[in-house]
Structures are given as C-alpha cells and as structure tokens.
Amino acid sequence: MTKPVIIVGASMGGLRAAEALRRFGYAGPITVIGEERHAPYNRPPLSKEVLAAEVSHEAVAFPQRESTADVNWVLGTGVERADLEHGTVTDSKGETHAYGTLIIATGLRPKRLEVQNSELTGRHAVRTLDDAIGLRKELKPGARVVVLGAGFIGCEVAATARKLGCEVTVVAPGSHPITRPLGVELAKELQRRHEAMGVRFVMKTSVTDLVGTTAVEGIVLDTGDIIFCDVLIEAIGSHTNTEWLEGNDLDLTNGVLTDNDMRAVKANGEAWPNVFAIGDVARFANPLFDAEPRRVEHWNIPTDTAKRVAQVFTGQAEGQFAPIPSFWSDQYDMHILAYGLLALADEVKLIAGELQGECVFGYYREGKMVGVCGIGMRTTVMGYRKEFELK
Amino acid sequence: MTIKIDVDMTKCQHYGQCVFEAPDVFRLNADDKLEYTAEADDSELANIEAAIDVCPMQAIFIVK
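Residue positions are given per chain, counted from 1 along the sequence in the order it is written. Labels are handed out in written order, letters beginning with A for the chains and numbers beginning with 1 for the ligands. For this predicted model, a pLDDT threshold of at least 70 governs which residues receive local features, and a threshold of 80 or more governs which side-chain atom pairs are given and counted, while totals over whole chains, interfaces and linings are taken from all residues. The basis for every side-chain value is the complete set of non-hydrogen atoms in the structure, without hydrogens or water.

1. Observations concerning the interface of chain A and chain B
Turning to step 1, where the next piece is worked out: Residue-level contacts link 25 residues of chain A with 20 residues of chain B.
Turning to step 2, where the next piece is worked out: Buried area is understood as the total, over both parts, of accessible area removed when two parts are fitted together, assessed with a 1.4 Å probe. Taken together, the two surfaces of chain A and chain B that pack against each other cover about 1,800 Å², and 50% of this comes from carbon and sulfur.
Turning to step 3, where the next piece is worked out: Among the residues of chain A in contact with chain B, Arg65(A), Arg378(A) and Met382(A) are the three that bury the most area, contributing 29% of the side total.
Turning to step 4, where the next piece is worked out: In what follows, salt bridge is the name for a side-chain nitrogen of Lys or Arg lying within 4 Å of a carboxyl oxygen of Asp or Glu. Where chain A packs against chain B, one counts two salt bridges.
Turning to step 5, where the next piece is worked out: Across the pair Arg16(A) and Asp53(B) runs a salt bridge, and its minimum N-O distance is 3.4 Å.
Turning to step 6, where the next piece is worked out: Side-chain atoms alone can form a polar contact between residues adjacent in sequence; in general such a contact is a pair of N or O atoms within 3.5 Å, and within protein one must be able to donate a hydrogen while the other accepts it. Counting every contact that joins chain A to chain B gives eight residue pairs in polar contact (both at pLDDT 80 or more).
Turning to step 7, where the next piece is worked out: Elements with a contribution of two residues or more to the side of chain A that touches chain B: α1 (12-23), β23 (326-331), β24 (334-340) and α9 (378-383) of chain A. Working rule for contacts: check all heavy atoms of both residues, and any pair within 4.5 Å makes them a contact. Put simply, DSSP marks the helices as runs of H or I at least four residues long and the strands as runs of E at least two long, and each gets a number from the N terminus on.

This is the structure:
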C-alpha cells in the first residue's frame, strides 16, 4: 500500500494543502491530523465580526470541497513526536502513522502571561474557536475588560469589546498600538481613533501579577498600580508549535526553517526530500525582499505555501516562490489593508489621503517600497500591489 | 456550461482580494465596493476557486 501524505495540523494550512494536492493531480491517500476537535475554520473573524455576533463553528467553517471528500481527517488528536529518519509520526493516543511525505502545518499557539498568581480563571486568549466561544460569554455590556497587548489581535478585540458595550483598557509595553509594523505616525492615529471610541490605553507598562482569589479581579502593573477588571484578554504574541519535531535534524530556531520549495532544511543545509512546512510555522526567505528567512503570520501565507508544496510535490513548480504578503484588519469602521513586509521599512511616509481620514502610507527600505498600508482607500492600496511582484 | 456565483454581501467587506485572482469576474467600483458577474464561463473555474480561497470573509460561493 502506498504510504500516505500526512499533514499535521488541521487548520487553514492543512486544509489548503489537501485541496492543493488534489488540484495538482495527486490522487493518493491523504491523512490530516489536528489537535482541535473542529473541522478547519477561518480564524480572523474570531476577533472581529463573529466575536461581535454569535460564535459558532457554522459561522466560520471552511466549505468542504468534493475533491477532498476522501481525505482521512483525524481530529481532536495532537501529534506527540515525529521520527523523520523512519518516516513516522506518533499521535497523542499512542498510534504511530507511517508517511511517504510529511507536511508540517501546526502553526502557533498564544503566549500566556507568566506571573506568580496565574492559576486564576477569567483569563482568555483569542486563537481558537473554543477560545472565542468562551470569551464571547464574558463580553457583557459594562464588563470591565483589560486587553494585554496592543498588536493587531489586541486592537481588534478591544474594538469588538467596546462595540459590545464593555469598558476597555489596553495595557502594553510599547509606546503606541501596532507601532510595529505600522510605524509611529499611523500608530498614534490609530490610538487616537480608539480613544475617541472610549478605549483607554496604559502604555509602556508591563504586568507583574494578577489580583483575585479564584477568578481574576485585576492586574498589577510594574508601576505598582492596579487595574481592576472582570475579563482579562491576553494578546501578547505566540509560540510556534514545533515541540513534537524536536530530536530530528531540523532547524527549529523560530518555526521550521525551509528552502524556497518549503522543504524542511537539515543542519547541513540540505533539504529533507519528503518533509515540508507551511503557514505560520514555516520560516523561509522570500526573494521579493531578501535572503533572510522569516516566519510571516499573514492570512494568505498558509494558502500560498500550501499551493507551492503541492506544485513541488507533483513536479509542477516553476520559478521562485515569492508570495506577496497581505493582511487586513477591521477596527470600528476602519478597514486597514496592507501589502508587503512593513516591518522592514527604514522610512514610512503618508502617500495619499489625510491622516485623520482615509489615508495610505508607503513603507520603504533604502528607498525601495517594501510595504503599503491604508485605512480605507482600497483601490489606491491595491494599485501598489504590483510594486511587489517579482520582476 | 457556465458557473453561477454568489457573494454574501452581508459578509463581504470589499477587501478586493478576489479581484486579483479572477479579474474578469470581480472588480471594485469607484466607491471601493465589490461588483461581480453572477455567471462566468467554465474556463474561469480555477480562478473563481482561487478567489474563494483568498476571500478573507469567505463570502464567495459557487451556486450548484
């Protein structure tokens, strides 16, 4: 019997990999093993529209395609370890699966606050559907909500909680929300707009402990001040899910290092012929920018990397793999849309519109555009996308 | 044969990602709002499926 393609991780990347393998003509067996009990679903609405409305699997589930009807989905099952020399993975139920090809799509999990009094209930992260279901119940009008972290997820959740009538305080170590990658000028404006909606910011501050006996009742800041709250949302970044790969010849410094074909790389620089990594967990160089391998946590990356793997696997890959990063964010009536890697910029400037209304910023490294980001003005932002195509 | 396309306009946030994948079917108008052709030729299937994949709101459907 042919050994299957085993995809570890049943989120968007795992689903897209299975679909792309079929689309590019692979008709053999595929097994997808995923820790969550839910079939693949779309995560971004979990901090935005869906969190503001009713959270359910139905509201976010990806449609199942006929082409993947014969895929073997093993859900609610983590993978404990892998043996790449012998081509096996062992799941959390103790079962060992042999693969012909392995696709690593285990993504990220949220970092959690590590303080002494961390055993309290009422602490939330926003990554999974179950996280969002749990959080939604607590976001009642008048509830005092503290959001730790002022990145995209933190700001989106703050906006959603505010929309639901909560009293919201954002606490973060940086100077302004999403300074990286948006740049100070746009970050300040973003903060102004949040404040105009009634969100309070306590910046350049970190948390040293929690207050409460069973449930969290407040946070203690490094200034000694206490902010009391009913709900604590931790949006302080993420860890890569690569522990199960330890002990193999891989570079797991920050995710799984891959070559331009998304093949996992050994210590000697050679690639594993039958081991790929995709999505948030993959660290790869993008020739659009430079030779520096990076993980890119943008929504389009799982789909783009899955397609590349399917093309490589079926012998149909052409040219270099150079996906154009794109992301968006909705906060109140602000629609933020961006292309490129904004964080690489050494210069950021307003290139269209007005800062306090709809506007577009350009991001440049040594004079060359590496990113574009707009609040509104989508057609203008989209017009710059071609700047990032491989010449 | 033709493909019938439906976009759930209550979900659509006009991000325009579909425009890059299937420019003959989807476009943004002068007000940055999505417009689309509800029927497309079968030859557009791969592009439309790509547009479905890249829609951040997962608002595009093929009507069977």
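2. Remarks on the sheet that holds strand β6 (residues 96-98) of chain A
Hydrogen bonds between backbone atoms are what pair the strands of a sheet, whose relative direction is either parallel or antiparallel.
Residues and elements named next belong to chain A.
Turning to step 1, where the next piece is worked out: If you trace the three strands from one edge of the open sheet to the other, you get β4-β5-β6, paired in antiparallel fashion. Among the strands making up the open sheet, the edge pair consists of β4 (79-83) and β6. Taking the axes of each pair of neighbouring strands and ignoring which way they run, one obtains an average angle of 20 degrees across the sheet. Each pair of strands is called paired provided DSSP finds at least two bridges between the two strands. Note on method: axes are straight lines fitted to C-alpha atoms, helices fitted across the in-contact stretch only, with angles between N-to-C directions ranging 0 to 180 degrees.

3. Looking at empty space enclosed by the protein
Turning to step 1, where the next piece is worked out: Note on definitions: the grid is 1 Å and covers protein atoms alone; a cavity is a set of points where a 1.4 Å probe fits but cannot get out; a pocket is an open set with protein on both sides within 12 Å along at least five of seven lines; lining residues have an atom within 4 Å of a point. Grid points are joined across faces, edges and corners, and a volume is the space filled by probe spheres set on the points. Applying the stated rule across the entire model yields three cavities of 30 Å³ or more.
Turning to step 2, where the next piece is worked out: By volume, the largest cavity is sized at about 100 Å³.
Turning to step 3, where the next piece is worked out: Residue composition of the lining of the largest cavity, grouped by class: 10 nonpolar, four polar and no charged. By the convention adopted, Pro, Cys, Tyr, Trp, Phe, Met, Ile, Leu, Val and Ala count as nonpolar, Lys, Arg, Asp and Glu as charged, and the other residues, Gly among them, as polar.

4. Quick look at the domain arrangement of chain A
Residues and elements named next belong to chain A.
Turning to step 1, where the next piece is worked out: In terms of domain boundaries, chain A breaks down into domain 1 (5-109 + 239-313), domain 2 (112-236) and domain 3 (333-388).
Turning to step 2, where the next piece is worked out: Here the C-alpha centroids of domain 1 and domain 2 sit 30 Å apart.
Turning to step 3, where the next piece is worked out: The partner domain 2 presents 14 residues to the 17 residues of domain 1 that form the contact.
Turning to step 4, where the next piece is worked out: If you sort the residues of domain 1 by the area they bury against domain 2, Ser-47, Leu-51 and Val-55 come out on top, with a joint share of 36%.
Turning to step 5, where the next piece is worked out: Viewed at the interface, domain 2 and domain 1 are joined by three salt bridges.
Turning to step 6, where the next piece is worked out: A salt bridge links Glu-156 to Lys-48, with the shortest nitrogen-to-oxygen separation between them at 3.1 Å.
Turning to step 7, where the next piece is worked out: On the surface where domain 1 and domain 2 come into contact, there are 11 residue pairs in polar contact (both at pLDDT 80 or more).
Turning to step 8, where the next piece is worked out: Considering only residue class, the side of domain 1 that touches domain 2 consists of eight nonpolar, four polar and five charged. Here the limits of each domain have been adopted from an automatic or database domain assignment.

5. Looking at the pattern of salt bridges
When the charged atoms of two side chains with opposite charge come close together, those side chains can pair.
All names here are of chain A.
Turning to step 1, where the next piece is worked out: For the structure shown, the criterion picks out 24 salt bridges over all chains.
Turning to step 2, where the next piece is worked out: For Glu-243, the salt bridge identified is with Arg-109, shortest N-O distance 2.7 Å. Linking Glu-243 in the loop between β17 (238-240) and β18 (256-257) with Arg-109 in strand β8 (residues 108-110), this pair joins segments that are 134 residues apart in sequence.
Turning to step 3, where the next piece is worked out: Residue class for Glu-243 comes out partly exposed when judged on its relative accessible area of 40%.
Turning to step 4, where the next piece is worked out: Two residues, Arg-263 and Asp-261, come together in a salt bridge whose shortest N-O distance is 3.9 Å. The classification of residues rests on relative accessible area computed with a 1.4 Å probe and restricted to protein chains. Under 20% of the type maximum is buried, over 50% is exposed, and intermediate values are partly exposed.

6. Some remarks on the sheet that holds strand β1 (residues 2-7) of chain B
All names here are of chain B.
Turning to step 1, where the next piece is worked out: With respect to topology, three strands assemble into an open sheet ordered β4-β1-β5, the strand pairing being antiparallel. Single-partner strands in this sheet number two, and they are β4 (39-41) and β5 (60-63). In this sheet, neighbouring strand axes are inclined to one another by 40 degrees on average, regardless of whether the strands run parallel or antiparallel.
Turning to step 2, where the next piece is worked out: Summarising the sheet, β1 and β5 pair through four bridges and their orientation is antiparallel. Following the sheet pairing, Val-7 is matched in β5 by Ile-60.
Turning to step 3, where the next piece is worked out: Each of β1, β4 and β5 touches helix α2 (residues 45-54); the most contacted strand, β5, lies at about 140 degrees to it.

7. Quick look at unusual backbone geometry
Turning to step 1, where the next piece is worked out: Backbone torsion omega between Arg180(A) and Pro181(A) reads 15 degrees, so that peptide bond is classified as cis.
Turning to step 2, where the next piece is worked out: Following the sequence through the fold, Pro181(A) ends up in helix α6 (residues 179-182).
Turning to step 3, where the next piece is worked out: The backbone of Ile178(A) shows a phi angle near 55 degrees, a positive value even though the residue is not glycine.
Turning to step 4, where the next piece is worked out: Structurally, the position occupied by Ile178(A) is in the loop between β11 (167-171) and α6.
Turning to step 5, where the next piece is worked out: The buried category is assigned to Ile178(A), whose relative accessible area is 3%.
Turning to step 6, where the next piece is worked out: Of note in this structure, Asp32(B) is not a glycine but carries a positive phi near 65 degrees.

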